Every structure is written in C-alpha cells, then in structure tokens.
Amino acid sequence: MVDEARLASVGLSKTIAELRNITGKPQTEKKKHNKTDYFSTAVRRSKRLKGGNEPKVEKSRAEETNKPKRPTTAFFIFMEEFREQYKEKYPNNKSVAAVGKAAGEKWKSFSDAEKAPYQAKIEEMMAEYQNKMQAYNINKKQQVADVSALPRALRLITD
C-alpha cells in the first residue's frame, strides 16, 4: 500500500505500522470523554418530562405601536439641516457615507455654543415625549385595571 520508493526518498525505510510491530505498542483507541448525557441530570429530565421550557410571552404589537417614540439626538437634527446644505454644495455626490463623514467632522468641530440651538430643540422634544409617556403609562395602567376587574364582574354575573 505504501510506496516504498517514496519512503526511501524521504529517508524512511519502514512504515509506522511496521515500527509499531517492532516496539510492540498497540495503537491506542480514541479516548472517550466522560460527557454526561444532556438529559441525565434531574433538572434536564424534569424539563423534558414537563414538555421543555415554557415559551416566552411576546408583547402585543398593538401595545408597541401606541407607545410614543423617543426623540432623536441633537446630532441627527443637525444632520437633517447639514444634508440639505451638502446636497446644494455637491449635487453630484451620491455617497451617503461621505455625507455622514463630513457631518461628523463638522459636528466635532462645533463648540458648545454652536450646538446649543440643537440641544434646545431636543430639550423641547424630550419634554413633549415625557408628557406623552406619562399619559401612555396612565392609560396602560387603566387598561390593566379594567382587565383585572373583568373576571370578578363575570363571576358576579354567573352567580
């Protein structure tokens, strides 16, 4: 099976199998790791018997759609204005990355006084957002209270 000419060219005259026969050491079998079975522990077994993990309850999409969205950052308000200026200056540039890079560099070069108008807009938007969130949370608590009162009302009707 083994090409003896090839072995001789490398400087070997005997194969590994022949060397093992000479030394008398048998080839060792691969060691079997002491792995425990996935279902062998009591916790795993109990979960398997119960039917596995309980599925996570997902939030309803309607609840998420009514929730007010957080306002953007001052940089993104600046970015909206900067995009328009950049398009006027460079009408042939179609690269979004170039616009973003230029806006980032300009924003970093701004002083706190130059960033102040954008920060003021954000503060106004944040105050409006907090008012909407308070109204949303109050409405949400009322809905939960209405749902929790429902089973008692049904019990009174059936009795």
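Whatever comes next refers back to the structure up there.
Sequence positions are assigned chain by chain, starting from 1 and proceeding in written order. For a predicted model such as this one, the threshold for reporting local features is a pLDDT of at least 70, and the threshold for listing and counting side-chain atom pairs is 80 or more; totals across whole chains, interfaces and linings nevertheless cover every residue. Processing note: side-chain calculations cover all non-hydrogen atoms of the structure and skip hydrogens and water entirely.

## Some words on the overall build of the chain
Moving on, step 1. In DSSP terms, a helix is any run of H or I states spanning at least four residues, a strand is any run of E spanning at least two, and both are numbered starting from the N terminus. Check the secondary structure of the chain and you find 7 helices and 0 strands.
Moving on, step 2. From first element to last, N terminus to C terminus, the chain shows the α and β order α-α-α-α-α-α-α.
Moving on, step 3. A total of 159 residues make up the chain; the buried ones form 13% of that total.
Moving on, step 4. Pairs at least 24 residues apart make up 63% of the contacts formed inside the chain by residues separated by at least 6 positions.
Moving on, step 5. When the accessible surface of the chain is summed, it comes to about 14,800 Å², and 55% of that surface belongs to carbon and sulfur atoms. To sort residues, take the accessible area from a 1.4 Å probe on protein chains only and compare it with the maximum for the residue type: under 20% means buried, over 50% means exposed, and anything in between is partly exposed. Note on contacts: a residue pair qualifies if any of its non-hydrogen atoms lie within 4.5 Å across the two residues. We get accessible surface area from the Shrake-Rupley algorithm with a probe of 1.4 Å; when it comes to residues, only the shown protein chains can shield them.

## Thoughts on the packing of helix α5 (residues 74–89) against helix α6 (residues 96–109)
Moving on, step 1. Look at α5 against α6: their axes get within 10 Å of each other, and the N-to-C directions meet at 120°. When the axis of α5 is compared with that of α6, the two are oblique. Here α5 and α6 pass one another in a crossing that is right-handed. Together, A74, F75, F78, M79, F82, R83, Q85 and Y86 of α5 and A98, V99, G100, A102, A103, G104, K106 and W107 of α6 make up the contact between the two elements.
Moving on, step 2. Throughout, the ten residues Ala, Val, Leu, Ile, Met, Phe, Trp, Tyr, Cys and Pro are labelled nonpolar, Asp, Glu, Lys and Arg are labelled charged, and all others, Gly among them, are labelled polar. Of the residues assigned to the contact of α5 with α6, the class counts are 11 nonpolar, 3 polar and 2 charged. An axis is simply a line fitted to the C-alpha atoms; with a helix, the fit covers only the stretch in contact. Between two such axes, the angle follows the N-to-C directions and lies from 0 to 180 degrees. In what follows, roughly perpendicular refers to angles from 65 to 115 degrees, roughly parallel to angles under 35, roughly antiparallel to angles over 145, and oblique to any angle outside these ranges. Throughout, a crossing is termed right-handed when the near helix is turned clockwise from the far one, and left-handed when it is turned anticlockwise from it by less than a right angle.

## Quick look at the pattern of salt bridges
Moving on, step 1. The term salt bridge refers to a pairing of a side-chain nitrogen on Lys or Arg with a carboxyl oxygen on Asp or Glu at a separation within 4 Å. Per the counting criterion, the structure on display carries 2 salt bridges.
Moving on, step 2. For K121, the salt bridge identified is with E81, shortest N-O distance 3.3 Å. With K121 in helix α7 (residues 112–158) and E81 in helix α5, this pair connects stretches of sequence that are 40 residues apart.
Moving on, step 3. Of the residues examined, E81 reaches a relative accessible area of 31% and is grouped as partly exposed.
Moving on, step 4. Linking E128 and K132 is a salt bridge whose minimum nitrogen-to-oxygen distance equals 3.3 Å. Separated by 4 residues within a single helix, E128 and K132 lie in helix α7, roughly one turn from each other.

## So, α5
Moving on, step 1. When the terminal C-alpha atoms of α5 are compared, their 23 Å separation across 16 residues agrees well with the 22 Å that a helix rising 1.5 Å per residue should span.
Moving on, step 2. Among the residues of α5, A74, I77, F78, M79, F82 and Y86 are the ones counted as buried. A helix's residues, less one, multiplied by 1.5 Å, set its expected span.

## A closer look at the side chain of K115
Moving on, step 1. When you line up the elements, K115 lands in helix α7.
Moving on, step 2. Within this scheme the basic residues Lys and Arg register as positive and the acidic residues Asp and Glu register as negative, but His and the chain ends are omitted. Here K115 occupies a buried position and makes no salt bridge, while the nearest side chain of opposite charge, D112, is found at 5.2 Å.
Moving on, step 3. With sequence-adjacent residues up to four places away left out, K115 is seen in contact with W107 and F110.

## Focus: the nonpolar core
Moving on, step 1. Within the largest apolar cluster, 12 residues are counted, these being A74, I77, F78, M79, F82, Y86, V99, A103, W107, F110, Y118 and I122.
Moving on, step 2. Residue contributions to this core peak at 6 residues, all from α5. To qualify as a nonpolar core, a set must consist of buried Ala, Val, Leu, Ile, Met, Phe, Trp, Tyr and Cys residues joined through side-chain atoms within 4.5 Å.

## A few points about the packing of aromatic side chains
Moving on, step 1. Side-chain rings of Phe, Tyr and Trp, where Trp is taken by its six-membered ring, are said to pair if the distance between their centres is within 6.5 Å; with planes under 30 degrees apart they count as stacked, over 60 as edge-to-face, and otherwise as tilted. The final tally for this structure, using the stated rule, is 11 aromatic pairs.
Moving on, step 2. Centre to centre, the rings of F82 and Y86 are 5.7 Å apart; their planes meet at 35°, and the pair counts as tilted. Of this pair, F82 and Y86 both sit in helix α5, separated by 4 residues, roughly a single helical turn.
Moving on, step 3. The buried category is assigned to F82, whose relative accessible area is 8%.
Moving on, step 4. Judged by its relative accessible area of 13%, Y86 is buried.
Moving on, step 5. Connected via pairs of aromatic rings, a cluster forms that spans F75, F76, F78, F82, Y86, Y90, W107, F110 and Y118.

## A look at α6
Moving on, step 1. A rise of 1.5 Å per residue sets the reference length of α6, with its 14 residues, at 20 Å; its end C-alpha atoms lie 20 Å apart and thus fit the reference within 8%.
Moving on, step 2. Polar contact criterion, stated in full: a pair of N or O atoms within 3.5 Å, where within protein one must be able to donate a hydrogen and the other to accept it, and residues adjacent in sequence count only if both atoms are side-chain atoms. Of the residues flanking the start of α6, the one acting as N-cap is S95, its side-chain oxygen 3.5 Å from the backbone nitrogen of A97.

These figures capture arrangement, not role.
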